Amino acid sequence: MSPKLLSMLKNKDLNNEQIKKDIIAGMIVAIIALPLCIALAMSSGVSPEKGLITAIFAGFIISVFGGSKVQIGGPTAAFVVIVYGVVKKYGIEGLVISTMIAGVMLIIMGLLKLGNLIKYVPKTITVGFTAGIAVSLFLTQLKDLFGFKISDFPAKSLAKIEAYIENISTVDIETFVVGIVCVLVMTYWPNINKKIPGSIIALILATIIVKIFSIDIDTIGSVSSNISSQIPKPYIPKVSLDQIKELISPAFSIAILAAIQALLSCVVTDEMIEDKHDSNTELIAQGVGNITSALFGGMPVTGAVARTISNVKNNGRSPIAGITHCLVLLFVMVFLMPLIKLIPMTVLSAILVVVSYNMGDWVAFKSIVTTATYERIVLLSTFILTIALDLVVAIFVGMIIHTVFNMIKNKSKENTYMEKAV
């Protein structure tokens, strides 16, 4: 097990031309990551700088010590529902401890060389829980997209729907109009320019319009007053055995999701750059990254699939791109944080509404639902349980159903073979 950056330095695979390309790719990825990091933090129930801290510190660790040349580490949409639930129930300190425990779990997975086992998770289950997370994320964003006035916003998806119905009279039309316009801008902007992300265009336009016309809607500054541009000092919380017992379940959810998403990102980009990642090294880096993020008060981290693919498409071919992305975000956090307070909350929700749609593999979802019966049952079970209960429960039940159906299928084939033999 050896980090890709170290291997590339030993083999002298880096040259000046490629380093320049990596720096440019890293800057572009940082522009894409900026609104996402802020939006993901706010939707997770923490202040906006927490998302930047996660991408800066943990992303740096993942780029330097990871098993992929092009992996971009940072907060992702898949964690929002889990993180919001942990923060609501256990507070920020509970999130920090959960993230640390998850980091330790990931390191153990890597040391035990369990990275290779992730590829055996069936596609029906990955498509099912990804779609479930996408729907859960979408439900989370309706509050700020419509401007609902809900004082105690629930963590569970079904409870959110109930809260929306009960508070339907509190919808703010101005907030909704600004949000929908942002969704339309992000949807159609790629037809004009594919290099500049639509999320940045929507964010800048909406912020300027709201400020110039003094539109009275919630902004980051009005919702979260304790925004800091200072680089935090590392902090280790006091942990009791009772806390560990209580937080082991959400920590396991974070670790499993981080492992699956990071390695899926590696597999996808391996084909694009014609390289092979080291899954166990990547898991260890993800573990250290999560612990580092927690030490600086950040959120759970994993490989961000969309940002990693953007890195590759912009000619990023080494961890230099990921490191550059972290440095650019650090610059933004230290020098531009006051401007972030002006961003309307509905813009962040609009960004994540688009993200929630794009993260689901809806073509594969439809294909599986309309074909094989047993695969349909596995998919829908995982999908529904992810929304209604918990990610780990969904994956566990999905794996059991998948295994049972495989046993029945194999038994049926054996019987058919025996009948033919007779």
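Just so you know, these numbers come straight off a predicted model, no measurement behind them.

(A) Geometry of the overall build of the protein chain. Helix and strand content of the protein chain: 18 helices and two strands. Relative to the 2.2 N^0.38 estimate, which gives 22 Å for 422 residues, the radius of gyration of the protein chain is 22 Å and therefore close to what a compact globule would have. In terms of principal-axis extent, the alpha carbons of the protein chain reach across some 85 × 60 × 55 Å. Looking at the 422 residues of the protein chain, the share that counts as buried comes to 53%. For the protein chain, the share of sequence-separated contacts (at least 6 apart) that also reach a separation of at least 24 residues comes to 83%. Of the roughly 19,800 Å² of accessible surface on the protein chain, a fraction of 66% belongs to carbon and sulfur atoms. Once the 33 positive and 26 negative side-chain charges of the protein chain are each reduced to a mean point, those two points are 5 Å apart.

(B) Representation of the pattern of salt bridges within the structure. Under the counting rule described, the total for this entry stands at five salt bridges. Of the charged contacts in the structure, one is a salt bridge between Lys 21 and Glu 17, with a shortest N-O distance of 3.8 Å. Linking Lys 21 with Glu 17, this pair stays in helix 2 (residues 16-43), spanning four residues, or about one helical turn. With its nearest N and O atoms 3.6 Å apart, the salt bridge here joins Lys 69 to Asp 275. Here Lys 69, found in the loop between helix 3 (48-65) and strand 1 (73-74), pairs with Asp 275, found in the loop between helix 10 (241-273) and helix 11 (279-295); they are 206 residues apart in sequence, far enough to count as distant.

(C) Quick look at helix 4 (residues 80-111). Across its 32 residues, helix 4 extends only 28 Å between first and last C-alpha, which sits more than 12% below the 46 Å expected from 1.5 Å per residue. Considering bend angle alone, the principal kink of helix 4 is centred on Tyr 90 and spans about 125°.

(D) Spotlight on the packing of aromatic side chains. A complete count under the given rule lists 10 aromatic pairs for this structure. These aromatic residues form a ring-pair network of at least three members: Tyr 84, Phe 146, Phe 148, Phe 153, Tyr 164 and Phe 176. Sitting over the face of the ring of Phe 153, Lys 143 holds its NZ or CZ atom 5.9 Å from the ring centroid.

(E) Main features of the side chain of Lys 4. One can find Lys 4 in helix 1 (residues 4-10). According to the relative accessible area criterion, Lys 4 is buried, its value standing at 14%. Engagement of the side chain of Lys 4 in a polar contact is seen with the side chain of Asp 275, the distance being 3.3 Å. Dropping the residues within four chain positions of it, Lys 4 is found in contact with Gly 66, Gly 67, Ser 68, Lys 69, Asp 275, Lys 276, His 277 and Asp 278.

(F) Up close: the side chain of Thr 130. Following the sequence through the fold, Thr 130 ends up in helix 5 (residues 123-146). For Thr 130, the side chain forms a polar contact with the main-chain oxygen of Thr 126, separated by 2.6 Å. In contact with Thr 130, other than residues within four places in its own chain, are Met 359 and Gly 360.

(G) Here's a closer look at the nonpolar core. Leu 52, Cys 182, Ile 220, Leu 329, Ile 340 and Leu 348 are the most contacted members of the largest nonpolar core, which has 53 residues in total. Broken down by element, this core gets its largest block of residues, 10 residues, from helix 2. Sequence-distant contacts of Leu 329, that is, excluding residues within four places in its chain, are made with Ala 30, Ala 33, Leu 34, Leu 52, Ala 55 and Ile 56. Core analysis: the next-biggest nonpolar cluster, separate from the first, contains 36 residues, Ala 78, Ile 260, Leu 263 and Ile 401 among them.

(H) Structural detail: the environment of Ile 340. Among the structural elements, Ile 340 can be located in helix 14 (residues 337-340). Dropping the residues within four chain positions of it, Ile 340 is found in contact with Ile 38, Leu 52, Ile 220 and Val 332.

(I) Broad picture of the environment of Thr 170. Note that Thr 170 resides in the loop between helix 6 (157-166) and helix 7 (173-188). Using a relative accessible area of 23% as the deciding quantity, one classes Thr 170 as partly exposed. Through-space distance from the C-alpha of Thr 170 to that of Val 104 is 44 Å; in sequence the pair is 66 residues apart. Sequence-distant contacts of Thr 170, that is, excluding residues within four places in its chain, are made with Gly 147, Phe 148 and Lys 149.

(J) How the structure looks around unusual backbone geometry. Located in the positive-phi region is Lys 12, a residue other than glycine, with phi close to 55°. Inspection of the secondary structure puts Lys 12 in the loop between helix 1 and helix 2. Accessibility expressed as a relative area gives 73% for Lys 12, which makes it exposed.

(K) A look at the state of the cysteines. A complete count under the given rule lists zero disulfides for this structure. Looking at Cys 182, it has no disulfide partner, and the nearest cysteine sulfur is the one in Cys 37, 18 Å off. The cysteine Cys 266 is free of any disulfide, with Cys 326 supplying the nearest cysteine sulfur at 15 Å. Judged by relative accessible area, Cys 266 falls into the buried class, the value being 0%.

Conventions adopted
Counting starts from 1 at the beginning of each chain's written sequence and moves along it residue by residue. Reporting in this predicted model follows two pLDDT cut-offs: at least 70 for local features of residues, and 80 or more for side-chain atom pairs to be given and counted; totals over whole chains, interfaces and linings ignore these cut-offs and use all residues. Note that the side-chain values use all heavy atoms of the structure and ignore hydrogens as well as water. By definition, any uninterrupted DSSP run of H or I lasting at least four residues is a helix, any uninterrupted run of E lasting at least two residues is a strand, and each is numbered from the N terminus. Just to be clear, the radius of gyration here is over C-alpha atoms, and the globule rule we use is 2.2 Å times residues to the power 0.38. Exposure categories follow from relative accessible area, calculated using a 1.4 Å probe and restricted to protein chains: below 20% of the type maximum is buried, above 50% is exposed, and the middle band is partly exposed. Between two residues, a contact is recorded if the distance between any of their heavy atoms is within 4.5 Å. Note on areas: these come from Shrake-Rupley sampling with a 1.4 Å probe, and a residue is covered only by the protein chains present in the view. Residues counted as positive are Lys and Arg, residues counted as negative are Asp and Glu, and His and the chain ends are not counted. Where a charge lies is defined by one atom per residue type: Lys uses NZ, Arg uses CZ, Asp uses CG and Glu uses CD. Throughout this description, the term salt bridge denotes a Lys or Arg side-chain nitrogen within 4 Å of a carboxyl oxygen of Asp or Glu. Expected span of a helix, by definition, is 1.5 Å for each gap between consecutive residues, and there is one gap fewer than residues. The bend reported for a residue corresponds to the angle between axes fitted to the seven residues ending at that residue and the seven starting there. We call Phe, Tyr and Trp rings a pair once their centres come within 6.5 Å, taking the six-membered ring for Trp, and we label the pair stacked below 30 degrees between planes, edge-to-face above 60, and tilted otherwise. Criterion for a charge above a ring: Arg CZ or Lys NZ at most 6 Å from the ring centre, at most 35 degrees from the ring normal. Any pair of nitrogen or oxygen atoms within 3.5 Å is treated as a polar contact; in protein, a donor-acceptor pairing is required on top of that, and neighbouring residues in sequence qualify only through side-chain atoms on both sides. Residues grouped as a nonpolar core are buried Ala, Val, Leu, Ile, Met, Phe, Trp, Tyr and Cys residues, joined through side-chain atoms within 4.5 Å. Pairs of cysteine sulfur atoms within 2.5 Å are identified as disulfides in what follows.

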